[in-house]
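Observations on the three-dimensional arrangement
Below are the chains, spelled out letter by letter.
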Amino acid sequence: MTTTTTETQENHVTTGATVWLTGLPSAGKTTIAYELAGRLREQDRRVEVLDGDEIREFISAGLGFSREDRHTNVQRIGFVAELLARNGVIVLVPVIAPYADSRDAVRKRHEANATPYVEVHVATPVEVCSVRDVKGLYAKQAAGELTGLTGVDDPYEEPEAPDLRIESQHQTVQESAASVYALLNERGLA
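Okay, so let's go over this structure.

What counts and how
Residue positions within a chain follow its written sequence, with the count starting from 1. Whole-chain, interface and lining totals are the exception, using all residues; otherwise, since this is a predicted model, local features are given only for residues with pLDDT of at least 70 and side-chain atom pairs are given and counted only at 80 or more. Side-chain figures throughout are based on the complete set of non-hydrogen atoms in the structure, without hydrogens or water. Working definition: helices are DSSP H or I runs of at least four residues, strands are E runs of at least two. Numbering for both runs from the N terminus. One less than the residue count of a helix, multiplied by 1.5 Å, gives the span that helix is expected to have. Should any heavy atoms of two residues lie within 4.5 Å, those residues are considered in contact. Cavities and pockets were defined on a 1 Å grid built over protein atoms only: a cavity is a set of grid points that admits a 1.4 Å probe from which the probe cannot escape, a pocket is an open set flanked by protein on both sides within 12 Å along at least five of seven lines, and lining residues are those with an atom within 4 Å of any such point. Grid points are joined across faces, edges and corners, and a volume is the space filled by probe spheres set on the points. We call Asp, Glu, Lys and Arg charged. Ala, Val, Leu, Ile, Met, Phe, Trp, Tyr, Cys and Pro are nonpolar, and the rest, Gly among them, are polar. Any pair of Phe, Tyr and Trp rings, taking the six-membered ring for Trp, is counted once the centres come within 6.5 Å. Such a pair is stacked with planes under 30 degrees apart, edge-to-face with planes over 60 apart, and tilted for the rest. Charges are assigned to positions over rings by a cutoff of 6 Å between ring centre and Lys NZ or Arg CZ, combined with an angular limit of 35 degrees from the ring normal. Nonpolar cores were defined as sets of buried Ala, Val, Leu, Ile, Met, Phe, Trp, Tyr and Cys residues, with membership established by side-chain atoms within 4.5 Å. Exposed residues in this analysis have more than 50% of their type's maximum accessible area, buried residues have under 20%, and partly exposed residues fall in between, with area computed by a 1.4 Å probe over protein chains only. When a carboxyl oxygen of Asp or Glu lies within 4 Å of a side-chain nitrogen of Lys or Arg, that pair is called a salt bridge. Orientation is described by lines fitted to C-alpha atoms, with helices fitted over the stretch in contact, and by angles between N-to-C directions that extend from 0 to 180 degrees. Reported orientations rely on four angle classes, namely roughly parallel under 35 degrees, roughly antiparallel over 145, roughly perpendicular from 65 to 115, and oblique for the rest. In this scheme the crossing of two helices becomes right-handed for a clockwise turn of the near helix relative to the far one and left-handed for an anticlockwise turn of less than a right angle. By arc we mean the arc of the directions from the helix axis to the C-beta atoms, nothing more.

In this model helix α4 (residues 67-85) runs 26 Å from its N-terminal to its C-terminal C-alpha over 19 residues, within 8% of the 27 Å that 1.5 Å per residue would give. Those residues of α4 that are buried lie in contact with β1 (17-22), α3 (52-58), β3 (90-94) and α5 (100-112).

The computed volume of the largest pocket comes to approximately 750 Å³. Around the largest pocket, the lining comprises 37 residues; the ones closest to its centre are P25, K29, D53, I96 and K135. Broken down by element, the lining of the largest pocket gets its largest block of residues, 4 residues, from helix α2 (residues 29-42). When its residues are assigned to classes, the lining of the largest pocket shows 16 nonpolar, 13 polar and 8 charged.

With that settled, consider the packing of aromatic side chains. Under the counting rule described, the total for this entry stands at 0 aromatic pairs. Taking NZ or CZ as reference, R39 lies 4.3 Å from the ring centre of Y181, over its face. The ring of F65 is capped by R56, whose NZ or CZ atom sits 4.0 Å from the centre of that ring.

The next thing to look at is the nonpolar core. In terms of nonpolar packing, the biggest core is built from 30 residues, with V19, L36, L40, L92, V120, V180 and L184 touching the most fellow members. Residues in contact with V120, not counting those within four places in the same chain, are V19, W20, L21, T22, L164, I166 and V180. Core analysis: the second largest hydrophobic core is formed by 14 residues, V74, V89, V91 and V93 among them.

So, about the pattern of salt bridges. Counted by the stated rule, this structure contains 11 salt bridges. R70 is paired through a salt bridge with D154; the nearest N and O atoms lie 3.4 Å apart. Of this pair, R70 sits in helix α4 while D154 sits in the loop between α7 (137-142) and β5 (164-166), and the two are 84 residues apart along the sequence. Overall, the relative accessible area of 7% leaves R70 in the buried class. Linking E158 and R165 is a salt bridge whose minimum nitrogen-to-oxygen distance equals 3.8 Å. A residue is classified by how much of its surface remains accessible, and E158, at 48% relative accessible area, is partly exposed. Among the ionic contacts, a cluster of salt bridges with common partners joins R103, R107, E119, D163 and R187.

Turning our attention to the packing of α4 against α5. Geometrically, a packed helix pair is captured by the angle between its two axes and the distance between the axes. Packing of α4 against α5 brings their axes to within 9 Å, and their N-to-C directions diverge by 20°. If you check the angle between α4 and α5, you find them roughly parallel. The handedness of the crossing between α4 and α5 comes out as right-handed. Between α4, through R67, H71, V74, Q75, G78, F79, A81 and E82, and α5, the contact on the second element is made entirely by D101, S102, A105, V106, R109 and H110. By residue class, the composition of the contact of α4 with α5 is 5 nonpolar, 5 polar and 4 charged.

Across its 13 residues, α5 extends 18 Å between first and last C-alpha, which sits within 8% of the 18 Å expected from 1.5 Å per residue. Taken together, the buried positions of α5 are occupied by S102, R103, V106 and H110. End-on view of α5: buried residues confined to an arc of 100°, all on one side of the axis. What points out from α5, more than 90 degrees from its buried face, is the exposed set K108, E111 and A112.

Read these as spatial facts, not as claims about activity.
Below, the structure written as structure tokens:
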């Protein structure tokens, strides 16, 4: 039986995946995710961005920032991401997810369901993030109005072996998104 180009493209397009972008606050995770989402949509891909702030407002409302609550939040996001991904959606997850064990549990859920999972560490240094300070968190922490800021007075466990490491301070948003796209393409997911 021969496969036509159209059939091959249709099979290719239905492959979903979760792309988890982890990093410090103001590292550029969400900006990269939305840039990548636009690029994937141009390729007629089904894409969802599970923005950490929106998840906290709607799915994880009521959770605080203790280690346990952060773990619960990450597991909820991971569950939704895997559900969408196994149904043919490329799910972009720009979430701090500061603890390695929480991220590992999400990866294992994906592996158990044979759902593609890509971990991207947006490895922007805290000094750069504090200058960007998109939400004013670093300024509030410096003024003593906020405690428990990831990477400053709360831990952030960097991924030991991410699928991709991006140093966003050395490239444009478009270049960062292009590097994630290239990895997805290389794995037959874009």
